[in-house]
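Observations on the model geometry
The primary structure of each chain is shown beneath.
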Amino acid sequence: ADLSTSIAGVALPNLFFNASGVWCQHESELKELLDSESGSLITKSATFEHREGNPSPRYVPLPTGSINSMGLPNEGFEYYLNYAKNYDYTNKKPLFVSLSGLSLQDNVKMVEQFAAADLPCVLEINFSCPNVPGKPQLGYDMEAMENALKVLAPIVKKPFGIKLPPYFDIAHFDAVAAIVNKIDNLAFVTCVNSVGNGLAIDFETETAVIKPKDGFGGLGGAMILNTALANVNAFHRRLTGGKQVIGVGGVTSGKEAFLHVLAGASAVQIGTQLKEEGPSFFARVKKELEEIMQAKGYKSLDDFRGKVKTL
Ligand SMILES: O=C(O)c1[nH]c(=O)[nH]c(=O)c1Cl
């Protein structure tokens, strides 16, 4: 079975890569992704300055997924720009870079420097970090999101994508898709970021399990699969002009990856399961998806992408 795909016109040998934020803050982690069976890799969302992030414990695995309030810890924009400048673009895995400015001005500064470097990597601008105290996420402010896109898209020039939070209302799917469809070089949306501001409490200790924000943090993993599938399919149904959806949320095996493609995903990112199982997960999930496609008689992802049936 052929697991290859392309995003924003860039070829990926297979549809899998990490979700920004997981296994990608330092170049040592990125090297492990490069050496894994992933089809690509994306860097931790960068802010203009280096950030320590929130106090630990700030990520905790749960029986049905995970909760995190990392607080955007990252090495700072320059580190990732240099990584992208030194990346070996002749190797088969394309590089994605994630930016998450704390202000529109910061996003403009970072995108300007990226555009000036004119590198073959693909930008994914994060509109959905739920964990910076005092910073409501852009993805839930439609006017601010449209304004940001109108400012940033012309600076990026090349095809790029945005990381969106999960939406839970049909009117929001309609509103966000209408905004996205207006931006010509907005080539893909990545759905979904963590389900914001959940709360995990330990029964024995009667205590929240993460330290930041009174224990409030983004939910990931198996528990968000059905929300992720809905967002992937909602945008797959609504986007025009060949715009694509990257699916992320709840992929713990080939089966959920298959469902994400069936819902409309052109590529699939892995967060919680990568964090828990490590980069060897990519070899497992590839094999499992190949076996599923074999069993169902599908030869390529195009054979079933977006073909979820309804009753
Ligand atoms: O707290 C984080 O660093 C974080 N955590 C998430 O679950 N999603 C994000 O986009 C970010 Cl930026």
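Refer to the preceding data block for the structure.
These figures come from a predicted structure and were not determined experimentally. (Residues numbered from 1 in each chain as written. Predicted model: local features only at pLDDT ≥ 70, side-chain atom pairs only at ≥ 80, totals over all residues. Heavy atoms only, no water.)

**Some thoughts on unusual backbone geometry**
Omega for the bond connecting Ser56 with Pro57 falls within 30 degrees of zero, at 0°, which places this linkage in the cis form. Positionally, Pro57 belongs in the loop between β4 (41-42) and β5 (59-62). Following Cys191, the chain continues to Val192 via a peptide bond in cis, the omega torsion being 15°. Structurally, Val192 is set in the loop between β10 (186-191) and β11 (195-199). At Glu206, a position not held by glycine, the phi torsion is positive, near 60°. With respect to the element layout, Glu206 can be found in the loop between β12 (201-202) and β13 (207-208). Of note in the backbone geometry, Lys213 takes a positive phi value of approximately 55° without being a glycine. Residue position: Lys213 is located in the loop between β13 and β14 (216-220). (Helix = DSSP H or I, 4+ residues; strand = E, 2+ residues; numbered from the N terminus.)

**Things to note about the packing of aromatic side chains**
A full pass over the atoms with the stated rule returns 14 aromatic pairs. Ring geometry for Phe48 versus Phe77: centroids 6.1 Å apart, planes at 15°, classification stacked. Of this pair, Phe48 sits in the loop between β4 and β5 while Phe77 sits in helix α2 (residues 77-86), and the two are 29 residues apart along the sequence. Members of the aromatic cluster, joined through ring pairs, are Tyr140, Tyr167, Phe173 and Phe235. Cation over ring: Lys109 sits above Phe48, and NZ or CZ is 4.0 Å from the ring centre. (Phe/Tyr/Trp six-rings, centres within 6.5 Å; stacked < 30°, edge-to-face > 60°. Lys NZ or Arg CZ within 6 Å of the ring centre and 35° of its normal.)

**Comments concerning the site of the ligand**
Taken together, Lys44, Asn68, Met70, Gly71, Leu72, Pro73, Asn126, Cys129, Pro130, Asn131, Asn193 and Ser194 form the complete shell of residues around the ligand. The side chain of Ser194 places a nitrogen or oxygen atom 2.7 Å from an oxygen atom of the ligand. Within the complex, the protein chains bury 92% of what would otherwise be the 310 Å² of accessible surface of the ligand. Of the residues that constitute the shell around the ligand, the class distribution is five nonpolar, six polar and one charged. (Near = heavy atom within 4 Å. Polar contact = N/O pair within 3.5 Å; in protein donor to acceptor, adjacent residues only side chain to side chain. Areas by Shrake-Rupley, 256 points an atom, 1.4 Å probe, with all protein chains shown as cover. Nonpolar A, V, L, I, M, F, W, Y, C, P; charged D, E, K, R; others polar.)

**Comments concerning the sheet that holds β10**
Strand order in the open sheet formed by eight strands is β3-β16-β15-β10-β9-β8-β7-β4, and the pairing between neighbours is parallel. Taken across any chain shown, the strands that pair with only one partner, and hence form the sheet edges, are β3 (16-18) and β4. Alignment of strand β9 (residues 160-164) against β10, held across five bridges, turns out to be parallel. Its bridge partner lying in β10, Ile162 is registered against Val189. (Pairing = 2+ DSSP bridges.)

**Focus: the nonpolar core**
It is characteristic of soluble globular proteins that their nonpolar side chains tend to be buried jointly. Within the largest apolar cluster, 80 residues are counted, with the highest numbers of intra-cluster contacts made by Phe16, Phe114, Ile162 and Phe235. Not counting residues within four places of it along the chain, the set of residues in contact with Phe114 comprises Phe77, Leu81, Ala84, Val97, Leu99, Leu119, Cys121 and Leu123. Listed in part, the 11 residues of the second largest apolar core include Phe96, Val122, Ala187 and Ala267. (Core = buried A, V, L, I, M, F, W, Y, C linked by side-chain atoms within 4.5 Å. Buried < 20%, exposed > 50% of the residue type's maximum accessible area, 1.4 Å probe, protein only. Contact = heavy atoms within 4.5 Å.)

**Focus on the sheet that holds strand β6 (residues 65-68)**
Ordered in space as β5-β6-β14-β11, the four strands form an open sheet in which the pairing is antiparallel. Single-partner strands in this sheet number two, and they are β5 and β11. Ignoring which end each strand starts from, the neighbouring axes of this sheet average 40° apart. Judged from the three bridges that link them, β11 and β14 form a sheet pairing that is antiparallel. If you follow Val195 over to β14, its bridge partner there is Leu219. (Axes fitted to C-alpha atoms, helices over the stretch in contact; angles between N-to-C directions.)

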